[in-house]
Every structure is written in structure tokens, then in C-alpha cells.
Amino acid sequence: MSNLKRNRRIDKAFKLVGIACTLFGLLMLVIFIGNILVDGLQRIDWDFLTNLPSRKAEKSGILTAWTGTAWILALTAMIAIPLGVAAGIYLEEYGKKNRITAMVEVNIANLAGVPSIIYGLLGLEVFGRLMNLGASLLAGAFTLAILILPILIVATREALKAVPNSLREASYAIGATKWQTIWHQILPAAGGGILTGVILSMSRAMGETAPLIVIGALAYVPFVPKSPMDEFTVLPMQIFNWVSRPQHEFLVNGAAAIIILLLITFIMNGIAVYLRNKWQKKIMW
Amino acid sequence: MVLQCTFAISGRKKLCGKTEQKVMKHIEAIDVNAYYGDNHVLKNIDIAIKENTVTAFIGPSGCGKSTFLRTLNRMNDYIDVFHLEGKVLVEGNDIYKKKVNVEELRQKIGMVFQKPNPFPKTIFENVAYGLRIHGEKDKKKIEEVVEQSLVKAALWNEVKDKLKKSAFGLSGGQQQRLCIARTLAVEPSIILMDEPASALDPISTAKIEELINELKQNYTIIIVTHNMQQASRVSDRTAFFYMGELVEFGKTADIFTNPTKKQTENYISGRFG
């Protein structure tokens, strides 16, 4: 009897602890977002989005930063998604399960945890110097693509793993080749999961600053990049630049840019959720 | 449907509907041994299965009957540690030869699984899939074959008004018949069934059995089952597997009433298994 009571008390206590932990996280987020909004919201207007950076805080805008971010995202996606998804498909569907694949697997998981500045050094050496891309958008995109590749591969593999084997067997059993089975059955079924991985990795790429600093991206870019070979800046670098200045006006600019960056992240995640739901409706489980 | 008759032998071209010449041994295994890694799962299996008959594979769990069934359409190819010795002949051709086109083989040897596994697509697309992957583009032809296949699988009347609906809206028994229709659509001559009714209720099971009875006029059917009554109801011949060996193979009536081996008798009388 007393045991039963004790169990119930533990149950209740755990529930309370859980609520407290959740609230703590939420509270921090609310404080952070509230702070940023109070600081930066009044600064956001059309001019802020369309102005070039300037030495005067009130005249500065983030045009070059957000166009740079858009360029980087598009290029990174074009490089990383085909590579990552294809590698994931190979490892999961084609690769024999032996010691070598096991090693590759462990290494990929480890790569996902390597500090991003290391990728910056790799990018500087391989793309910046060896391939002679300098501090261009393309060099940055390649570097970020390599950075998010492990995340993409792991996400793709997990999504493929979640597809029941009976689906593969059903397809093979009526004479489909491996590729037909992957293309017509497995990818559609795994698409939602792969898409989630893609968006998550792109969000990660969008927020990265360190590797871009290493490859030599500029903080002050007085023009909008027109080609992949142009030099560039991105939102996080612009933010970093502004918040490290002493004048209060620039801090306000930083807060405003953070709001824009968050907004883009939310929009991307929103699109991901929308696409995933739409996808799941098409797959008739 | 453009089906090439590459498996045809001795002037027999059944798929093309030309010269019909009886081949007695439709499937033949000669001294088949199979291994999962070091695990010897099939031991010296010799068996010959005649055309247009129903053969039941029975035996306790782990006796190798499903493994053997899967060697017949090479579904074990995807298991890395699987390894096979001996010969499996289908219409006289060794299906484990290097140059054999496995996709073509599987088109010819359909398979129905234990748990109904329709594709997450419409009922129509489930049946049409086989045609599409084999390159059929003619819409009319596809519609025709889909209808015929569903009729043959005794499902047409139940689904004709909801062909565009998801296959997952069907009951388990209907799903299983859909899987049979999907197999029939690519015009196999052999159908392998791996406990096709074990996940179904008695009425659905009866329908599947009825269907097997009808299909055997045109197809060679092999069914793995745990249900002894089912084996005796649907099959012409029965093979009893035990510990990876084919213990006894003969007419179903003989196996169930007058088995020659002690192990068979013990198993069918329910003393073990």
C-alpha cells in the first residue's frame, strides 16, 4: 500500500520536473526572441532590406547579406542534395553490409560532429586555393555542402531504413530492378523523411559563419553578387560584424538582421512541414 | 504486354500462347544445399514439381520451407550471407546461372507474401505497376490487363468502383487478393505463396483457397503453410520439410493418410511442431 503511494508520488514528481524543464527551455526562447524583437523590430523597414551596408548605422541595410545568403543556400543545395541523397541511397540500398561499410558509417557519423571551422580550413585549402575559387560564393557553397553532407547522408539513410522491407520485396517479386524499386517505391515512401533532413541541413548551412570567415568571405560587401564567382557576405556574418561594434545603433541593426534570419528559418521549416504533409497524402499508407 | 519467351524450351511457348506442349517437370531442384553464413539451412533437397499442380510445403518453423521457396525466385539474393549449391531448374533452365536475367525470372515466377504488402498507391496502380516497370505504355492495354487480373483474382466486383482509392483501404483478405492480382498482371506461369492466409480471418482464408483451386488450371502453385488442413484442402502434392531436409514428398492424400516416414506421421498427427 505504501509502496503504491510512493510510486504515485514519484510519478507525480517526475511529471513536475518534466514540466519545469520544458518551461525553462520555452522561457529562454521567449526572453531571447522578446529581447531581439524589442531591440530590432522598429528598425525593420523596406529600406533596411534594400540598402547596401554603410558606415552610418541608420543608412545601413542587409541587401548584400540576404542576397548572399540566398545565393549560398541555392548553390549549397544544388551541390549537397544530389551528393548526399545519392550517397545515402548507395550506402543503404546497394552497399553490402560488411566491415568497410560499417567503418564508412562510423566515419560519416563522426564527420557530422567535426567543428565547422575545420571544414572552413578544408574549404580554404581545397576550394579556395587548389581549385582557385578564392573567396567566391562557389567556394563558400562547396565548403558548406561538405559540411552538411554527413547530416544529409545520415538523414537519407534513416528515412530509407524506415521503409518496410516488405515494400522492397513486393516490388522485386514482380520483376522490378533495384533502381526501379528505389525510384518508384522506396524514394516516394522515404521522401518525407529525406525532405526533412534536407531542410534541417539547409538551416544549418544558413546559420554557419565560422567556415565562411576562414575561407575569406567579407563582412563588408558593397554590391549584390551577380555570379557564383563573386565575393559575398551572408546574414550571420553581417550580424557578427554589427554586434561586435561599439555603437548602439549597430547593435540595433544586428537585432533587426537576426529577426530576418529567424524569419527565413521559420519560413523554411514551414515549407518543410507543408511539403511533408502534402507528400504523405500522396503516399497512400 | 511484350513478354519474351526466353525461358521456353523444347518448342514449348506457353506465354506466347502458341505451341502448348506439356512439360512434366516445371520446377526441379537437384541436390540443393543452402547456407546463411555457416548455418546449413537446406540439405540435399531433390524435388520435381509438375506443371499446373498445387504443391504444399509443410513443416515446423525454421525447417527451411520458406527459404527453399525463396530460392525458387532468387529472393534470397538480397541476403548477403546467403549461399546456394546445387541446381534449381525452371522449365529445364538453371536459374542460378550467371547470365540469367533475374527480373525476367521473377516476372515468370510470381510471389505472394505472408503479410499482404500492397504498394502505398491506388488499387489500380498496384496492379498496373508490374506492367509499367516492364515498359508497357499503352493505357488501354494496361486498363485491360488490370481488369483481367482483378477478375482472375476474384476481386474485380469488390473494387471496380474504387480503383482510384488507396489499396490500404481494403480489408486484409482483399489486400492479399490484390497482391495476387498484381502478380497475375505480369503473366507468370508459377506462383509462390508464403503462408498467404496466415494473417487472414477464416472467411478470407476460404476465398484465397478457392482462388488457388481456380488458378491451378493455368498456373503451377507452391504454397508454404503452417495449417495442415489447408495443405490437405488445396494441394495435390505435399512436401514435408524438417531440419533443412526434405523428409517426404508425395501425393497429398498419401502424405496425410499413409506417410512412409515416422517423422512425417508425428508431425501431421500433431505430436510435434
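Residues numbered from 1 in each chain as written. Chains lettered and ligands numbered in written order. Predicted model: local features only at pLDDT ≥ 70, side-chain atom pairs only at ≥ 80, totals over all residues.

Caption draft 1: Summary view of the overall build of chain B. Scanning chain B from terminus to terminus reveals 10 helices and 10 strands. Seen along its three principal axes, the alpha-carbon backbone of chain B occupies a region of about 55 × 45 × 35 Å. Residues counted as buried form 45% of the 273 residues belonging to chain B. (Helix = DSSP H or I, 4+ residues; strand = E, 2+ residues; numbered from the N terminus. Buried ≥ 20, exposed ≤ 12 C-beta atoms within 10 Å, placed from the backbone.)

Caption draft 2: Layout of the overall build of chain A. Scanning chain A from N- to C-terminus turns up 11 helices and 0 strands. Mapped in sequence order, the helices and strands of chain A form the string α-α-α-α-α-α-α-α-α-α-α. Along the first, second and third principal axes, the C-alpha set of chain A runs to 70 × 65 × 35 Å. Here chain A holds 285 residues, and the buried ones make up 35% of them. In chain A, once contacts between residues fewer than 6 apart in sequence are set aside, the share between residues at least 24 apart is 76%. (Contact = placed C-beta atoms within 7 Å.)

Caption draft 3: The arrangement of the domain arrangement of chain A in detail. Residues and elements named next belong to chain A. Taken domain by domain, chain A comprises domain 1 (2-43) and domain 2 (48-282). When each unit is reduced to the centre of its C-alpha atoms, the spacing between domain 1 and domain 2 is 31 Å. In terms of residue class, the side of domain 1 that touches domain 2 is made up of 3 nonpolar, 1 polar and 2 charged. (Domains from an automatic or database assignment. Nonpolar A, V, L, I, M, F, W, Y, C, P; charged D, E, K, R; others polar.)

Caption draft 4: A look at unusual backbone geometry. All names here are of chain B. One non-glycine residue with positive phi stands out, namely asparagine 52, at about 50°. With 15 C-beta atoms packed within 10 Å, asparagine 52 lands in the partly exposed category. Within the chain, glutamate 195 stands out as a residue other than glycine whose phi angle is a positive 45°. Note that glutamate 195 resides in the loop between strand S7 (190-194) and helix H7 (202-215).

Caption draft 5: The interface of chain B and chain A, seen in detail. Counting residues at the interface gives 25 residues for chain B and 19 residues for chain A. Residue assignment for the side of chain B that touches chain A shows that the elements contributing at least two residues are helix H2 (102-108), strand S6 (109-112), helix H3 (123-133) and helix H6 (172-184) of chain B. In terms of residue count, the dominant contributor to the side of chain B that touches chain A is H2(B) (4 residues).

Caption draft 6: Highlighting the confidence of the model for chain B. All names here are of chain B. Confidence in the prediction for chain B averages 88 pLDDT; 91% of positions are at 70 or higher. In this model, residues 1-21 is a region of pLDDT below 50 whose contacts with residues beyond four sequence positions or in other chains number 30 contacts. Across the predicted assembly, pTM comes out at 0.82 and ipTM at 0.86. (pLDDT = per-residue confidence, 0-100.)

Caption draft 7: Region of the structure containing the packing of H3(B) against helix H4 (residues 139-152) of chain B. All names here are of chain B. Contact pair H3 / H4: the axes reach a minimum separation of 9 Å and the direction vectors enclose 115°. Relative to H4, the element H3 lies roughly perpendicular. Classified by chirality, the crossing of H4 by H3 is right-handed. Seen from H3, the contacting residues are Phe124, Val127, Ala128 and Leu131; seen from H4, they are Ile142, Val145, Val146, Ser149 and Leu150. Across the contact of H3 with H4, the residue classes break down as 8 nonpolar, 1 polar and no charged. (Axes fitted to C-alpha atoms, helices over the stretch in contact; angles between N-to-C directions. Parallel < 35°, antiparallel > 145°, perpendicular 65-115°, else oblique. Left-handed = near helix turned anticlockwise from the far one by under 90°.)

Caption draft 8: Layout of helix H1 (residues 2-40) of chain A. The terminal C-alpha atoms of H1(A) lie 56 Å apart, and with 39 residues this matches the ideal 57 Å at 1.5 Å per residue to within 8%. Across the 39 residues that make up H1(A), only a small minority, 1, are buried. (Expected span 1.5 Å × (residues − 1).)

Caption draft 9: The arrangement of the pairing of strand S4 (residues 82-90) of chain B in detail. Residue and element names in this part refer to chain B. The pairing of strand S1 (residues 25-36) with S4 spans 8 bridges and is classified as antiparallel. Within the sheet, the bridge partner assigned to alanine 34 lies in S4 and is leucine 84. Pairing geometry for S4 and strand S5 (residues 93-94), over 2 bridges, is antiparallel. Considered in S5, the bridge of valine 90 is made with asparagine 93. Hairpin connection from S4 to S5: 2 residues lie between these consecutive antiparallel strands, with glutamate 91 at a positive phi of about 50°. (Pairing = 2+ DSSP bridges.)

Caption draft 10: Summary view of helix H6 (residues 137-161) of chain A. Residues and elements named next belong to chain A. When the terminal C-alpha atoms of H6 are compared, their 35 Å separation across 25 residues agrees well with the 36 Å that a helix rising 1.5 Å per residue should span. Maximum bend of H6: about 40°, positioned at isoleucine 148, with proline proline 150 one to four residues after it. For H6, a buried count of 23 out of 25 residues is recorded, marking the element as mostly surrounded by other parts of the structure. (Bend = angle between axes of the 7 residues up to and from the residue.)

Caption draft 11: Quick peek at the nonpolar core. Judged by nonpolar contacts, the single largest core of 77 residues is most densely connected at B:Phe57, B:Ala181, B:Leu192, B:Ile221 and B:Ile223. At 6 residues, the largest contribution of residues to this core is made by H3(B). Contact partners of B:Ala181, with chain neighbours within four places excluded, come to B:Val127, B:Ser149, B:Leu150, B:Lys152, B:Ala153 and B:Leu155. Judged by nonpolar contacts, the second largest core, of 59 residues, contains A:Ile62, A:Leu75, A:Phe127 and A:Leu147. (Core = buried A, V, L, I, M, F, W, Y, C linked by C-beta atoms within 7 Å.)

Caption draft 12: Broad picture of the packing of helix H4 (residues 99-111) of chain A against H6(A). Residues and elements named next belong to chain A. One can describe the packing of H4 onto H6 by two numbers: an axis separation of 8 Å at closest approach and a directional angle of 125°. In terms of axis orientation, H4 runs oblique to H6. When the axes of H4 and H6 are compared, the crossing they make is left-handed. Along the contact surface, H4 presents Ile108, Ala109 and Leu111, while H6 presents Pro150, Ile153 and Val154. In the contact of H4 with H6, the residues fall into 6 nonpolar, no polar and no charged.

Caption draft 13: Up close: the environment of B:Ile49. Residues and elements named next belong to chain B. With respect to the helices and strands, the residue isoleucine 49 is situated in strand S2 (residues 39-50). Along the sequence, isoleucine 49 and alanine 29 sit 20 residues apart, while their C-alpha atoms lie 8.8 Å from each other. Not counting residues up to four positions away in its chain, the partners in contact with isoleucine 49 are His26, Ile27, Thr55, Thr220 and Ile222.

Caption draft 14: Just the pairing of S1(B), in detail. All names here are of chain B. For S1 and S2, the ladder comprises 8 bridges, and the chain directions are antiparallel. Directly across from lysine 25, in S2, lies its bridge partner lysine 50. Where S1 hands over to S2, the hairpin turn is made up of 2 residues, of which glycine 37 adopts a positive phi near 65°.

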